[in-house]
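A closer look at the structure
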Amino acid sequence: MTVEELYHLMAAEMGPQPWLRPGTPWAETPVEIMLGAILVQNTNWRNVEPALLNLKQATGFAPAALRQLTAAELMPLIKTSGFYRRKGAAILSLAAWLGQANDDLAALKQRDGQQLRQELLAITGIGHETADYILMYTLDHGTFMVDTYARRLFDWLGAAMPKTYPAFQKRVLSQFPLALTDCQEFHALIDEFGKQVKTDRDFATSFLAGKKLVV
């Protein structure tokens, strides 16, 4: 089966997935989603929640208020997320980047996705996965996120994929011409599947057992 066929099969079997879009819990604003994407690196969501609460109380997730914080003021607010010095620097740099666009997310959404991606990747502390998460869930540019769950699923399905993030992503996107909402949903489906199906034994009893993916 193709990547697109895999998506439609997962959607049919698993149904619509709740995910972090503005207006849902822990996603009241796009900026909150951006901050969560940075804070969740190398930790679990339980450690991110207190940090987001602190940031909400201190700044209301307003980029201008974030820019008023010094590194010394920011680090205690996000300490529960771990790696708080690196994440703090990334948050301040992200806020500065938003400031260069006058904090106008609507205008950012109209810009070229690849250019936005390169600018995000230029921020220390934002890698491929975080940049793509921000692009897809806050700036309306659909893409494919190559996270651990995706790599494991494609491996179970017998797809020999490139090792590097960009090459893996490029190969998937070449046969996945779906809309933004489909890209968002596909990522949510893959991650939800990965949280439920954790071992080879689990996969052998899943609805994808015996399926082969051609990419």
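Here the residue index of a chain counts from 1 through its sequence in written order. Predicted model: local features are reported for residues with pLDDT of at least 70 only, side-chain atom pairs are reported and counted for 80 or more only, and whole-chain, interface and lining totals are derived from all residues. Excluded from the side-chain calculations are hydrogens and water; all other atoms, namely the structure's heavy atoms, are used.

In the nomenclature of an unreviewed UniProt entry, the protein is known as Base excision DNA repair protein, HhH-GPD family of Levilactobacillus brevis ATCC 14869 = DSM 20054.

A short note on the UniProt feature "domain: HhH-GPD" (unreviewed entry) in the protein
UniProt positions are given in the numbering used here, feature names are shortened, and annotations may be inferred rather than shown by experiment. Taking the numbering used here, the UniProt-annotated feature "domain: HhH-GPD" (unreviewed entry) corresponds to residues 39-196. Counting from the N terminus, the helices are DSSP H or I runs at least four residues long and the strands are E runs at least two residues long. The straight-line gap between the two end C-alpha atoms of residues 39-196 is 23 Å; of that span, 67% is helix and 0% is strand.

A look at the nonpolar core
What we call a nonpolar core is a set of buried Ala, Val, Leu, Ile, Met, Phe, Trp, Tyr and Cys residues that are connected through their side-chain atoms within 4.5 Å. Relative accessibility under 20% of the residue-type maximum defines a buried residue, over 50% an exposed one, and the middle range a partly exposed one, all with a 1.4 Å probe and only protein chains included. Counting residues in each nonpolar core, the largest one holds 67 residues, and the members touching the most others are Leu 55, Leu 153 and Phe 154. For this core, the element with the most residues is helix H2 (residues 30-39), which contributes seven residues. Segmentation of the chain into domains, including their bounds, is taken from an automatic or database domain assignment. A domain split of this core shows at least three residues from each of domain 1 (3-18 + 144-205) and domain 2 (30-139). Every residue in contact with Phe 154, bar those within four places of it in the chain, is listed here: Val 3, Leu 6, Phe 144, Ala 159, Met 161, Phe 168, Val 172, Leu 213 and Val 215. In this analysis, two residues are considered to be in contact whenever any of their non-hydrogen atoms come within 4.5 Å of each other.

Examining the packing of H2 against helix H3 (residues 45-59)
Every angle, taken between N-to-C directions, lies between 0 and 180 degrees, and every axis is a line fitted to C-alpha atoms, over only the stretch in contact when it is a helix. Where H2 contacts H3, the axes come no closer than 10 Å and their chain directions differ by 135°. Of the possible angle classes, the one that applies to H2 and H3 is oblique. Our pair here, H2 against H3, has a crossing hand that is right-handed. Of H3, the residues touching H2 (which contributes Glu 32, Leu 35, Gly 36 and Leu 39) are Trp 45, Val 48, Ala 51, Leu 52 and Leu 55. With respect to orientation, any angle under 35 degrees is reported as roughly parallel, any angle over 145 as roughly antiparallel, any angle of 65 to 115 as roughly perpendicular, and every other angle as oblique. Two helices cross in a left-handed way if the nearer one is turned anticlockwise from the farther one by less than a right angle. They cross in a right-handed way if the turn is clockwise.

Notes on the environment of Pro 16
Relative to the helices and strands, Pro 16 resides in the loop between helix H1 (3-14) and H2. Remark: the alpha-carbon pair of Pro 16 and Ala 188, spanning 172 residues in sequence, is separated by 9.0 Å.

With respect to the packing of aromatic side chains
Aromatic pairing here means that ring centres of Phe, Tyr or Trp (its six-membered ring) are within 6.5 Å. Orientation follows from the plane angle: under 30 degrees is stacked, over 60 is edge-to-face, and everything else is tilted. By the definition in use, this model includes eleven aromatic pairs. Arranged with centres 5.8 Å apart and planes meeting at 50°, the rings of Phe 144 and Phe 186 form a pair that is tilted. Residue Phe 144 is located in the loop between helix H9 (128-138) and helix H10 (148-156), and its partner Phe 186 is located in helix H12 (residues 180-196); the two are separated by 42 residues in the primary sequence. The exposure classification of Phe 144 matches that of Phe 186, with both residues buried. Residues Phe 193 and Phe 207 carry aromatic rings whose centres are separated by 5.7 Å and whose planes lie at 80° to one another, so their mutual orientation is edge-to-face. Within this pair, whereas Phe 193 is found in helix H12, its partner Phe 207 is found in the segment after helix H13 (200-204), the two being separated by 14 residues in sequence.

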